[in-house]
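# Commentary on secondary and tertiary structure
Now for the letters of each chain:
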Amino acid sequence: MKKFFRQPFWAVLPIFMLFLGGCGQGKVQEIGRVDTAMGTVVQQTVYVTEMGKQTEDILSLILELEEETLSWRLETSELFQVNAYAGSGRWVELSEELSRILEQCAKLTEDSGGAFDVALGPVARLWNIDSWAAGLHTESFQVPGKQELEEALAQSGMEQLRLEFLPGEECADVYLEEGAALDLGAVGKGLALDVISRYLEADAHVTGAVVSVGGSVLTYGEKPDGTSWRVGIANPNNSSVNLGILTLTGQWYISTSGDYERYVESGGVRYHHILDPATGYPADSGLSSVTVLAENGLLSDGLSTACFVLGRERGMALAQQYGAEALFVEKDGEIFMTPGMEALFQPVE
Ligand code: FAD
Ligand code: MG
């Protein structure tokens, strides 16, 4: 049994970096910071004309989103409270934010033919995915039995959930069947990018930023020296090196889902964390990773998960339906891209 950690050792400590006026434009300053949140590494580089608490605020926003809204593990979150009502026979009124998130996730479930499904909580808990990265219980990892999986699958899926908006209302009511559980792990980091971009837009002192929350990256504004943002796409067969670079200007949301990011190996088989709702097992669609560029973080993150489950052909069609760009790396290393992605991607020789 092996266990794998995504976080480099230095990620446990916040690292602060400050480069005053070092970027070719007298007044622009660069602030950098590395932390952990949402079970992953958060890296920020923010360019400002006036130093404030920007990077500190951004970290607080991510932690707040996790603790107050998205976490399926922390009792403080709205999602945890909603899950606790499963099987109670009661409807729960959601916040405007969670209503909007679940509405968009339900649409993505429908558009992906069920390949993306945030009501997969019972199956994700059975595989005990969170503990793989934290290094807990990995020694005792066992592949779930067929019957256990069937039971968890029977309690999973968007059909276990009813979401209703009253006419003219921004807040929906939700109803969960017995045993159902929502898990927003597939969109949480993208949602963090959406919150961060709203924060950056509201601060006139911010001229540019690049923020990564695990496998999701936001580029915003511009670099002081006028050069483009360069975002590396990891080689799934050796994630410490890049397969290629995306050269981007302005605001983009980029997410990657891969089988190399979070997994355990048992009996010589690799079990990764992107599950096929049709089987309850890790998705086996011939892909090693999918990178998606979309108009917001929820979509880049959600689509990268959905496309991974769907495989290249159906994933390509789904990405294009959403006007997103996508890059697929197949298990044999072959790369396929949407035409728009080809213009942005340069392979590393
Ligand atoms: P993605 O492809 O974006 O998502 C995969 C995750 O989505 C899976 O881990 C599972 O949770 C879920 N999922 C799997 N298959 C599907 C599917 N077909 N459709 C929809 N969803 C699916 N990790 C920890 O170790 N400890 C923590 O405390 C912790 N807290 C977190 C809190 C928040 C708010 C979030 C968003 C994540 C947290 N994580 C934590 C990480 C989490 O467990 C997942 O591993 C992570 O979200 C996976 O993201 P990804 O980008 O690698 O993969
Ligand atoms: Mg995702």
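Everything that follows concerns the structure shown earlier in this document.
For the structure given in this document, a descriptive report is provided here. These numbers come from a predicted model, not from an experiment.

Here we come to the sheet that holds strand β9 (residues 229–235). Pairing is antiparallel in the open sheet, where three strands are placed in the order β9-β10-β17. Only two strands of the sheet have a single neighbouring strand rather than two, namely β9 and β17 (345–347). For this sheet, the mean angle separating the axes of adjacent strands, direction not counted, is 35°. Of the pairings in the sheet, the one linking strand β10 (residues 238–248) to β17 comprises three bridges and is antiparallel in character. Looking across to β17, one finds that isoleucine 245 is bridged to glutamine 346.

Turning our eyes to something else, we now look at the site of ligand 1. Among the 29 residues in the neighbourhood of ligand 1, the closest are listed as Arg73, Asp130, Gly185, Ser257 and Leu275. Glutamate 261 places a polar side-chain atom, nitrogen or oxygen, 3.1 Å from an oxygen atom of ligand 1. Histidine 273 has a polar side-chain atom sitting 2.9 Å from an oxygen atom of ligand 1. Within the complex, the protein chains bury 97% of what would otherwise be the 930 Å² of accessible surface of ligand 1. Residues belonging to the shell around ligand 1 are distributed by class as follows: 13 nonpolar, six polar and ten charged.

At the metal site, the magnesium ion (ligand 2) is ligated by Ala186 (O), Asp301 (O), Asp301 (OD) and Thr305 (OG1), and these contacts range over 2.1 to 2.4 Å. Counting residues between consecutive donors of the magnesium ion (ligand 2) along the chain gives the motif A-x114-D-x3-T. Of this pair, alanine 186 sits in the loop between β6 (172–176) and α7 (188–202) while threonine 305 sits in helix α8 (residues 297–310); the two residues are 119 residues apart in sequence, bridging distant segments of the chain. Classification of threonine 305 by relative accessible area gives buried; the value is 13%.

The rules we used
Residues numbered from 1 in each chain as written. Chains lettered and ligands numbered in written order. Predicted model: local features only at pLDDT ≥ 70, side-chain atom pairs only at ≥ 80, totals over all residues. Heavy atoms only, no water. Pairing = 2+ DSSP bridges. Helix = DSSP H or I, 4+ residues; strand = E, 2+ residues; numbered from the N terminus. Axes fitted to C-alpha atoms, helices over the stretch in contact; angles between N-to-C directions. Near = heavy atom within 4 Å. Polar contact = N/O pair within 3.5 Å; in protein donor to acceptor, adjacent residues only side chain to side chain. Areas by Shrake-Rupley, 256 points an atom, 1.4 Å probe, with all protein chains shown as cover. Nonpolar A, V, L, I, M, F, W, Y, C, P; charged D, E, K, R; others polar. Donors = N, O, S within 2.8 Å, 3.2 Å for Na, K, Ca; no water. Buried < 20%, exposed > 50% of the residue type's maximum accessible area, 1.4 Å probe, protein only.

Distances and angles like these do not, on their own, reveal function.
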